[in-house]
Amino acid sequence: MSHDCLFCKIARHDIPAGIVYEDDEFMAFHDINPAAPVHLLLIPKHHIESLADIGAQDLDWLGRMMHLVPNLAYTNGCNPGPEGGFRLVANTGIEGGQEIAHLHFHIIGGARPWDKRAAPAA
Ligand code: AMP
Ligand code: ZN
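Residues numbered from 1 in each chain as written. Chains lettered and ligands numbered in written order. Predicted model: local features only at pLDDT ≥ 70, side-chain atom pairs only at ≥ 80, totals over all residues. Heavy atoms only, no water.

Colleague: What is the right way to read the site of ligand 1 from this model?
Modeller: Every one of the 16 residues lining ligand 1 counts as a neighbour, but Asp31, Asn91, Glu99, His104 and His106 are closest to it. Here an oxygen atom of ligand 1 sits 2.9 Å away from a polar atom, N or O, in the main chain of Ile100. When the free accessible area of ligand 1 is taken as 510 Å², the share hidden by the protein chains comes to 84%. According to the grid-proximity analysis, the pocket containing ligand 1 is the second largest pocket. Sorting elements by how many residues they give to the shell around ligand 1 places helix α1 (residues 6-11) first, with three residues. Looking at the shell around ligand 1 residue by residue, the classes come out as seven nonpolar, seven polar and two charged. (Near = heavy atom within 4 Å. Polar contact = N/O pair within 3.5 Å; in protein donor to acceptor, adjacent residues only side chain to side chain. Areas by Shrake-Rupley, 256 points an atom, 1.4 Å probe, with all protein chains shown as cover. 1 Å grid on protein atoms, 1.4 Å probe; cavity = no way out; pocket = protein on both sides within 12 Å on 5 of 7 lines; lining within 4 Å. Sits in = over half its atoms within 2 Å of the grid points. Helix = DSSP H or I, 4+ residues; strand = E, 2+ residues; numbered from the N terminus. Nonpolar A, V, L, I, M, F, W, Y, C, P; charged D, E, K, R; others polar.)

Colleague: When you look at helix α2 (residues 59-75) in this model, what are you seeing that I'm missing?
Modeller: Since the α-helix advances by 3.6 residues per turn, residues separated by three or four positions end up pointing in the same direction. A rise of 1.5 Å per residue sets the reference length of α2, with its 17 residues, at 24 Å; its end C-alpha atoms lie 25 Å apart and thus fit the reference within 8%. Its maximal kink placed at Val69, α2 deviates by approximately 25°, while the proline Pro70 follows within four residues. Within α2 the residues assigned to the buried category are Trp61, Leu62, Met65, Leu68, Val69, Leu72 and Ala73. Where α2 ends, the next residue or the one after it, Gly77, has phi of about 115°, a positive value. (Expected span 1.5 Å × (residues − 1). Bend = angle between axes of the 7 residues up to and from the residue. Buried < 20%, exposed > 50% of the residue type's maximum accessible area, 1.4 Å probe, protein only.)

Colleague: In this structure, what is going on with the layout of surface pockets? I would like to understand it.
Modeller: A water-sized probe rolled over the atoms picks out the places where empty space is left. There is about 350 Å³ of room inside the second largest pocket. Phe7, Asp31, Ile32, Leu41 and Ile100 are the residues nearest the centre of the second largest pocket, which is lined by 20 residues in total. Ranked by residue count, the leading element in the lining of the second largest pocket is α1, at three residues. Across the lining of the second largest pocket, the residue classes tally to ten nonpolar, eight polar and two charged. (Points joined across faces, edges and corners; volume = space filled by probe spheres on them.)

Colleague: Looking at this structure, I do not really get the coordination of the zinc ion (ligand 2). What am I missing?
Modeller: Coordination of the zinc ion (ligand 2) by the protein comes from Cys5 (SG), Cys8 (SG), His47 (ND1) and His102 (ND1), over a distance range of 2.0 to 2.3 Å. Taken together, the four donor atoms surrounding the zinc ion (ligand 2) define angles of 104 to 119° at the centre, an arrangement classified as tetrahedral. Mapping the donors of the zinc ion (ligand 2) onto the primary sequence yields the spacing C-x2-C-x38-H-x54-H. Pair noted here: Cys5 is in the segment before α1 and His47 is in the loop between β3 (38-44) and α2, with a separation of 42 residues, a long-range link. Given the relative accessible area of 30%, His47 is considered partly exposed. (Donors = N, O, S within 2.8 Å, 3.2 Å for Na, K, Ca; no water. Tetrahedral: all angles 85-135°; square planar, octahedral: opposite > 155°, others 65-115°.)

Colleague: So what exactly am I meant to see when it comes to the pairing of strand β1 (residues 19-22) here?
Modeller: The pairing of β1 with strand β2 (residues 26-30) spans three bridges and is antiparallel. The partner of Glu22 across the bridge, within β2, is Met27. Connecting β1 to the antiparallel partner β2 that follows it, the hairpin turn spans three residues. (Pairing = 2+ DSSP bridges.)

Colleague: Can you help me understand the side chain of His104 in this one?
Modeller: By the secondary structure assignment, His104 is in the loop between β4 (86-89) and β5 (105-109). There is a polar contact of 2.6 Å between the side chain of His104 and the backbone oxygen of His102. Discounting residues that sit within four places of it in the chain, His104 has contacts with Phe7, Leu41, Leu42, Ile43, Val89, Ala90 and Gln98. (Contact = heavy atoms within 4.5 Å.)

In structure tokens:
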């Protein structure tokens, strides 16, 4: 683990977070500055900077991480069925908008009353 990495510190419980899920390999917590009604961050507990650093040796745990995503989304407020769903984002690198250099998935969802496409027909 990287000792000065914010998400490593959260993974070690050195600083608090709104944790919604944790196992030996992964942790999910509420984004401190949510962009939607549901905005979780899912991280591997071990330090890896981004998807740009993934290699063939990472496919097993990455598959387990992906497998967690829909379960976390739907148990934390994302709506099921074709009217619901969620967005999965992994900002990667400076031009990808990544601010924290520890791989994380944004899981974003919930009702979008401001979104005209989601509004009921008048
Ligand atoms: P990114 O731009 O993809 O690196 O996203 C970093 C995300 O981490 C942003 O959405 C921040 O709001 C979020 N964030 C920063 N610090 C914390 C924290 N202490 N706890 C939870 N989320 C955080
Ligand atoms: Zn880290």
